[in-house]
Amino acid sequence: MGIAVRCENLTKIYDTSEQKVVALNSVNLKINLGELMMLVGPSGCGKTTLISVIAGILDQNSGLCELFGENLLTMKSKDKLQFRATQIGFVFQAFNLLPSLNAAENVSVPLIINGVKRDTAKQQAIEVLERVGLGERWKSYPNQLSGGQQQRVAIARALVHSPRLIVCDEPTSALDHTSGQNVMNLLKEVAVHKDRALVIVTHDARIFEFADRIAEMDDGHIVNMR
Ligand SMILES: Nc1ncnc2c1ncn2[C@@H]1O[C@H](COP(=O)(O)OP(=O)(O)OP(=O)(O)O)[C@@H](O)[C@H]1O
Ligand SMILES: [Mg+2]
């Protein structure tokens, strides 16, 4: 079995004018290809920071992070952008939809970045929106959608380009039980593939059953793996 993500002694310090916060304190973690790993732990323990470093959104201060054998930290910025655009889908804790784009246009963004023509991208976006139960709402703008609907648009956007790594920050926080189970079934179906991996940060015990392993974080460390 190959390795999708390898973190060794990963450290991240936020250094603001007021104070230094050690958000990751020597994290060691391996995620296998084909694996769905959940990441749990108290608020502020470093979960969002860890997945942001894994996805190349933030740079660590020290330690190694490899994604499919590649070290994003040492990649040229152009190659890194390209790598992220093709290989990674990210569902942000705050959704981060673009307010001036409708649902289908938001979901199209990763395809357009990857050179897919606008009409084709829209068709594919609508298909993924159908799979998250929002096919009828593809023309709606984020401010016309409920929190749970916006969250499902964000999930569709993370899946549409079939990335090898899907990273989700609390993907079911705004969803009722049924929508949460539907989204998890979809994520599992799309992501759990022999050369892909899925990392999900969650507090939602209703979805723990979908995990292959659960990593517990506290105070910038992985403290337990089950
Ligand atoms: N941009 C930043 N500048 C300074 N400190 C930050 C920044 N982002 C996060 N932190 C701090 O780093 C620590 C880890 O934050 P992080 O967002 O990774 O936690 P989390 O586990 O995702 O929490 P939550 O469950 O509330 O989302 C916290 O103490 C937080 O205050
Ligand atoms: Mg967080």
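Scroll up to find the structure this text is about.
Read on for an overview of the structure. None of these values were measured; they are calculated from a predicted model.

### Observations regarding the overall build of the chain
And step 1. The helix and strand inventory of the chain stands at six helices and 10 strands.
And step 2. Its C-alpha atoms give the chain a radius of gyration of 17 Å, within 12% of the compact-globule value 17 Å for 226 residues.
And step 3. Taking all 226 residues of the chain together, 50% fall into the buried category.
And step 4. Intrachain contacts of the chain at a sequence separation of at least 6 include 70% that bridge at least 24 residues.
And step 5. For the chain, the computed accessible surface area is about 10800 Å², with 47% contributed by carbon and sulfur atoms.
And step 6. Charge centroids of the chain, computed over 24 positive and 24 negative side chains, lie 5 Å from each other.

### Remarks on the packing of helix α3 (residues 103-113) against helix α4 (residues 118-131)
And step 1. Two elements in contact, α3 and α4, have axes separated by 8 Å at closest approach and are oriented at 120 degrees. In this structure, α3 crosses over α4, and the sense of that crossing is right-handed. Together, Ala103, Ala104, Val107, Ser108, Leu111 and Ile112 of α3 and Arg118, Ala121, Lys122, Gln124, Ala125, Ile126 and Leu129 of α4 make up the contact between the two elements.
And step 2. Looking at the contact of α3 with α4, its residues break down into nine nonpolar, two polar and two charged.

### A word on the pairing of strand β9 (residues 213-218)
Along any regular strand the residues' side chains alternate between the sheet's two faces.
And step 1. Looking at chain direction, strand β3 (residues 36-40) and β9 are connected through four bridges and run parallel. The partner of valine 40 across the bridge, within β9, is glutamate 216.
And step 2. Alignment of β9 against strand β10 (residues 221-225), held across four bridges, turns out to be antiparallel. Of the residues in β10, the one forming a bridge with alanine 215 is methionine 225.
And step 3. What sits between β9 and β10 in their antiparallel hairpin is a turn of two residues, with aspartate 219 showing a positive phi close to 50 degrees.

### Points about the pairing of β3
And step 1. In terms of burial, β3 is largely enclosed, as five of its five residues are buried.
And step 2. On β3, burial covers both faces: Leu36, Met38 and Val40 on one face and Met37 and Leu39 on the other are all buried.
And step 3. The sheet contact formed by β3 and strand β8 (residues 197-201) spans four bridges and is parallel. Across the sheet, the residue bridging to leucine 36 is leucine 198, located in β8.

### Considerations on the pattern of salt bridges
And step 1. Within the structure shown, the criterion is met by eight salt bridges.
And step 2. The salt bridge partner of aspartate 59 is lysine 80, with a shortest N-O separation of 3.1 Å. Placement of aspartate 59 in the loop between α1 (47-54) and β4 (62-67) and of lysine 80 in helix α2 (residues 77-87) is noted, with a sequence separation of 21 residues between them.
And step 3. Given the relative accessible area of 38%, aspartate 59 is considered partly exposed.
And step 4. Taking the shortest distance from any N to any O, the salt bridge between glutamate 189 and arginine 131 comes out at 2.5 Å. With a gap of 58 residues between them, glutamate 189 in helix α6 (residues 177-191) and arginine 131 in helix α4 connect regions that are remote in the sequence.

Reading the values: rules and limits
- Residues numbered from 1 in each chain as written.
- Chains lettered and ligands numbered in written order.
- Predicted model: local features only at pLDDT ≥ 70, side-chain atom pairs only at ≥ 80, totals over all residues.
- Heavy atoms only, no water.
- Helix = DSSP H or I, 4+ residues; strand = E, 2+ residues; numbered from the N terminus.
- Rg over C-alpha atoms; globule rule 2.2 N^0.38 Å.
- Buried < 20%, exposed > 50% of the residue type's maximum accessible area, 1.4 Å probe, protein only.
- Contact = heavy atoms within 4.5 Å.
- Areas by Shrake-Rupley, 256 points an atom, 1.4 Å probe, with all protein chains shown as cover.
- Lys, Arg positive; Asp, Glu negative; His and termini not counted.
- Charge placed at Lys NZ, Arg CZ, Asp CG, Glu CD.
- Axes fitted to C-alpha atoms, helices over the stretch in contact; angles between N-to-C directions.
- Left-handed = near helix turned anticlockwise from the far one by under 90°.
- Nonpolar A, V, L, I, M, F, W, Y, C, P; charged D, E, K, R; others polar.
- Pairing = 2+ DSSP bridges.
- Salt bridge = Lys/Arg side-chain N within 4 Å of Asp/Glu carboxyl O.

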